[in-house]
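Reading the structure
Chain by chain, the residues run as shown.
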Amino acid sequence: MGMKRLVLAFLFCAILLLAGCSTLHSDSLYALPQRSQEYRDLQNAVQAAMGSGSYSAPVSGAYRQAIQQEDLDGDGVNEILVFCKIDGGHPLRVLIFRRTETSYEMLCSLEGDGTAFDSVQYAQIDGQPGQEILISRRIGEQVQPFLSVYTMNDRTAKELLSSGYAAYSVVDLDGDARSDLFILRANAEGPRAYAELYRFRGGELRKDTEASLSTAADSVKRVLTGNVAPNVPAVFVASTYDERNLITDVFVLQGKAFVNITQNAESGQSAQTVRNYYVYSTDIDSNGVIELPKTVPLPGIEGDPQSYGQYRIDWYNLSPNGARTENRSTYHNFSDGWFLFLPEDWTQSLCVTKRREGGLTGTELSRMEKDGSRTSLVTIYAFSGEQAQALSTQDGRVLLTQRGELWYSALISESAGLDADQLRERFSFISPDLFPSDG
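Residues numbered from 1 in each chain as written. Predicted model: local features only at pLDDT ≥ 70, side-chain atom pairs only at ≥ 80, totals over all residues. Heavy atoms only, no water.

**Things to note about the confidence of the model for the protein**
Chain-level pLDDT for the protein is 87 on average; 89% of the residues reach the 70-or-more range. Of all secondary-structure elements in the protein, the lowest mean pLDDT belongs to helix H1 (residues 2–18), at 39, while helix H6 (residues 420–426) reaches the highest, 98. In this model residues 1–32 is a low-confidence stretch, pLDDT under 50, and it forms 2 contacts with partners more than four residues away in sequence or in other chains. (pLDDT = per-residue confidence, 0-100. Helix = DSSP H or I, 4+ residues; strand = E, 2+ residues; numbered from the N terminus. Contact = heavy atoms within 4.5 Å.)

**Overview of the pairing of strand S11 (residues 180–185)**
Each regular strand displays side chains that alternate between the two surfaces of the sheet. Taken across its 6 residues, S11 has 6 buried, putting it largely inside the fold. Residues of S11 alternate between two faces, with Asp-180, Phe-182 and Leu-184 on one and Leu-181, Ile-183 and Arg-185 on the opposite face, all of them buried. Pairing of strand S10 (residues 167–171) with S11, which is carried by 5 bridges, proceeds in the antiparallel orientation. Across the sheet, Ser-169 pairs through a bridge with Phe-182, a residue of S11. (Buried < 20%, exposed > 50% of the residue type's maximum accessible area, 1.4 Å probe, protein only. Pairing = 2+ DSSP bridges.)

**So, helix H3 (residues 37–50)**
With 14 residues, H3 should cover 20 Å at 1.5 Å per step; its first-to-last C-alpha distance of 20 Å lies within 8% of that length. The elements touched by buried residues of H3 are strand S1 (54–55), strand S3 (79–85), strand S4 (92–99) and strand S5 (104–112). Immediately beyond the C-terminal end of H3, within one or two residues, lies Gly-51, with a positive phi of roughly 60 degrees. (Expected span 1.5 Å × (residues − 1).)

**A look at the nonpolar core**
Core analysis: the largest hydrophobic core is formed by 19 residues, its most contacted members being Trp-338, Leu-340, Trp-346, Leu-365, Val-378 and Ile-380. For Leu-365, the contacting residues outside a window of four places in its chain are Tyr-331, Trp-338, Leu-340, Leu-342, Trp-346, Leu-350, Cys-351, Val-352, Ser-376, Leu-377 and Val-378. (Core = buried A, V, L, I, M, F, W, Y, C linked by side-chain atoms within 4.5 Å.)

**Focus on the sheet that holds strand S19 (residues 292–297)**
Reading across from one edge, S19-S20-S21-S22-S28 is the order of the 5 strands in this open sheet, with antiparallel pairing throughout. Two strands lie at the open edges of the sheet, namely S19 and strand S28 (427–429), each paired on one side alone. Neighbour to neighbour, the strand axes of the sheet diverge by 35 degrees on average, direction disregarded. Bridging between strand S22 (residues 338–341) and S28 involves 3 bridges; their strand directions are antiparallel. Residue pairing for S28: Leu-340 is matched across the bridge by Phe-427. (Axes fitted to C-alpha atoms, helices over the stretch in contact; angles between N-to-C directions.)

This is how it looks when you write it as C-alpha cells:
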C-alpha cells in the first residue's frame, strides 16, 4: 500500500502543476530577462555624457555599430567607443569609456565636424601596444570626406593626422609590421589625382613623396591592397578611363621611393593596364600575388549573334619595376557565375556560344578552324530543380560540382584533350568583388 500511496501523491502533485497551482507569481513568468549591472552602468555613463545627443553609427566599412569595443592602449582590456551626434560645435563625436571597478568612466571625446561618420578602422600604426583609430567623417555633398587618425595614451588621445581625401587604404608597404596610410587626393592644379604614403617615423605619421594617378580622383572605382610579387606589397587603384574602359595604377616602394610602377613617364598614364571590360585585378590563381587582366575579344560565329561580344581574359603579373610576365588565360561566364582556366592550345582559336539541344541550353567552347568550321571542345551546363542531379550525369555529361541548388556538369569532346578530373581542376566560381556592381 505504501507504494500505491506514493504514486497517488505524485499524480496529485502533477495535476496541481498542470492546473496552474504553483507558488510562482504570474508576473515572474512573463518578466523580461534582466540586463546585467555592467550593461546598466555603461548605459548610464553614455547617457550622462551624450545628454540630448543621439547615436550615429558609421555608414560604411566593416565597423558599422554605434557602440564598438577595441583595445586601444594594449592593456588587454577593451575600451568602449560610442559614436554619436550632439548639437553644437563639432557635432560628430566618439566618446571613449573605460570600465572601472564600480562603473564606467569617460576617458576622452574625439570631436569633429560633418554630417555623418563615413567609416572607422583600427590599425597598428605606431608600433606600440594597442590600436590606432581611423575615423572618416562626411562633410557635405560637394566636399571630400575628412580623415582623422588618433592614438591612445592612457587617458588621452593624440591626433596623428587630419586631412581630406578622395580614397584611402591601410597597407604595410615597407614591411616593418606597422600599418602605413595610402591616401588619394584630388589635384586642384591638374586633371590627375595623386597618391601620398604616410609612415610612422620619429613619433609622427609623416608623408613620403607623392606619386600621380592616371585619372581624376572622381574616376576611382576601387583601391585594393595585395602583393604585386612575392613579399612585395602594393596598392592597386582601378579607375574608369572612359565610358567603357578601366585602367589600373600600381603603387609600391622602390627602396625609399614611393612610385607608380605602371605609369608611362611621357604620357603620365598607365596605358598598359587599360582594358575594355569591367574586370578588376585579383589573385586569380590563389598564389598570393595579384594578377592584372587584359581582355581579348573572341571571334564571333556568322549567323550566331550570341557568339559576338565574348572575351577571354589574359592574366599577367608585374614585377616591382613594372616588367610584365604572362600568367594564365580564362573564360568568364558572368551571367552563370563561373569561369574556366583555359589550356594554352585553346586560347588563340577559341569561340563561345550557346548550345541548344534536346531542350537543354549550355555554354559551348569551340575551336575555330582555319577553314571556318568549328570543333566543339566542351559544353558546360547548370541544372536546378528536382531532376538536377540526374540531368547532370545523363547523355554523356560528367558532374563538375554542386553549389547550392545548382548542379554544374559538362559534355567533354575528345578534341578537348582533357578528362573530367582535369576539367574540374580548371572550373571555378567568380568572386563577387571581381567586377564592379554597376558595370
